[in-house]
Amino acid sequence: LARLSMREGGPEIRKRLDTACERTLGRLPDDRERAVLLALYDEAYASAQDDPEAALLLATEPRGPLPENIQVEDASAMTVVCNVLLNLDEVINRP
């Protein structure tokens, strides 16, 4: 989901978040949700910069190597965001 969101959403994080939400929730995030997801992305990105080895594992296991045009920190941060989205009650209990 993270790689798909990055590919379809392009370079802008807002569009990536919208893509991930549309794919998981079937809707766009509201302003509050978008702010929370953006803060999570920023925190995960900073964490990935602090621990590049862990970021690489998070971004590549089990999917395999990243495409050349994708930064490890970016992919790792989007993976964190997408994991959170996939674990929301709204997704798990979706009719």
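These figures come from a predicted structure and were not determined experimentally.

*Asks:* I'm lost on the environment of Leu37 in this one. Help?
*Replies:* Of note, Leu37 is situated in helix H3 (residues 31-50). Note: C-alpha distance between Leu37 and Asp18 (19 residues apart in sequence) is 10 Å. Each residue touching Leu37, except ones within four places of it in the same chain, is listed here: Leu17, Cys21, Val81 and Leu85.

*Asks:* Explain the packing of helix H1 (residues 2-9) against helix H2 (residues 13-25) here, please?
*Replies:* To characterise two packed helices, one gives the angle between the axes of the helices and the distance between these axes. At a minimum axis distance of 8 Å, the contact between H1 and H2 shows a crossing angle of 125°. Between H1 and H2, the angle is such that the two are oblique. As for the relative orientation of H1 and H2, their crossing is right-handed in sense. For the pair formed by H1 and H2, the contact residues are Leu4, Ser5, Met6, Glu8 and Gly9 on the first element and Lys15, Arg16, Thr19, Ala20 and Arg23 on the second. The class makeup of the residues in the contact of H1 with H2 is three nonpolar, three polar and four charged.

*Asks:* Is there a simple way to explain unusual backbone geometry in this structure?
*Replies:* Glycine aside, the phi torsion of most residues is negative, and most peptide linkages are trans. Following Glu61, the chain continues to Pro62 via a peptide bond in cis, the omega torsion being 0°. Its location among the elements puts Pro62 in the loop between helix H4 (52-60) and helix H5 (72-86).

*Asks:* Looking at this structure, I do not really get the pattern of salt bridges. What am I missing?
*Replies:* Pairing of side chains with opposite charge becomes possible as their charged atoms draw close. Going through the model one piece at a time under the given rule, you end up with seven salt bridges. The shortest N-O distance in the salt bridge between Glu8 and Arg23 comes to 2.7 Å. Taken together, the residues Glu8 in helix H1 and Arg23 in helix H2 connect sequence positions 15 residues apart. By relative accessible area, which is 42% here, Glu8 ends up partly exposed.

Rules of the game
- Residue numbers here run from 1 along each chain, matching the order of that chain's written sequence.
- Totals for whole chains, interfaces and linings use all residues, but because this is a predicted model, local features are given only for residues with pLDDT of at least 70 and pairs of side-chain atoms are given and counted only at 80 or more.
- With hydrogens and water stripped out, all remaining heavy atoms of the structure feed into the side-chain values.
- A run of DSSP states H or I qualifies as a helix once it reaches four residues; a run of E qualifies as a strand once it reaches two. Both are numbered from the N-terminal end.
- When checking whether two residues touch, look at their non-hydrogen atoms; a contact exists if any pair is within 4.5 Å.
- Whenever a helix is involved, its axis is fitted only over the stretch in contact; in every case the axis is a line through C-alpha atoms, and angles between N-to-C directions fall within 0 to 180 degrees.
- Our angle categories are set so that under 35 degrees counts as roughly parallel, over 145 as roughly antiparallel, 65 to 115 as roughly perpendicular, and the remainder as oblique.
- A crossing counts as left-handed when the near helix is turned anticlockwise from the far one by less than a right angle, and as right-handed when that turn is clockwise.
- For this scheme, ten residues count as nonpolar: Ala, Val, Leu, Ile, Met, Phe, Trp, Tyr, Cys and Pro. Four count as charged, namely Asp, Glu, Lys and Arg, and the remainder, Gly too, count as polar.
- Any Lys or Arg side-chain nitrogen located within 4 Å of an Asp or Glu carboxyl oxygen qualifies as a salt bridge.
- Relative accessibility under 20% of the residue-type maximum defines a buried residue, over 50% an exposed one, and the middle range a partly exposed one, all with a 1.4 Å probe and only protein chains included.

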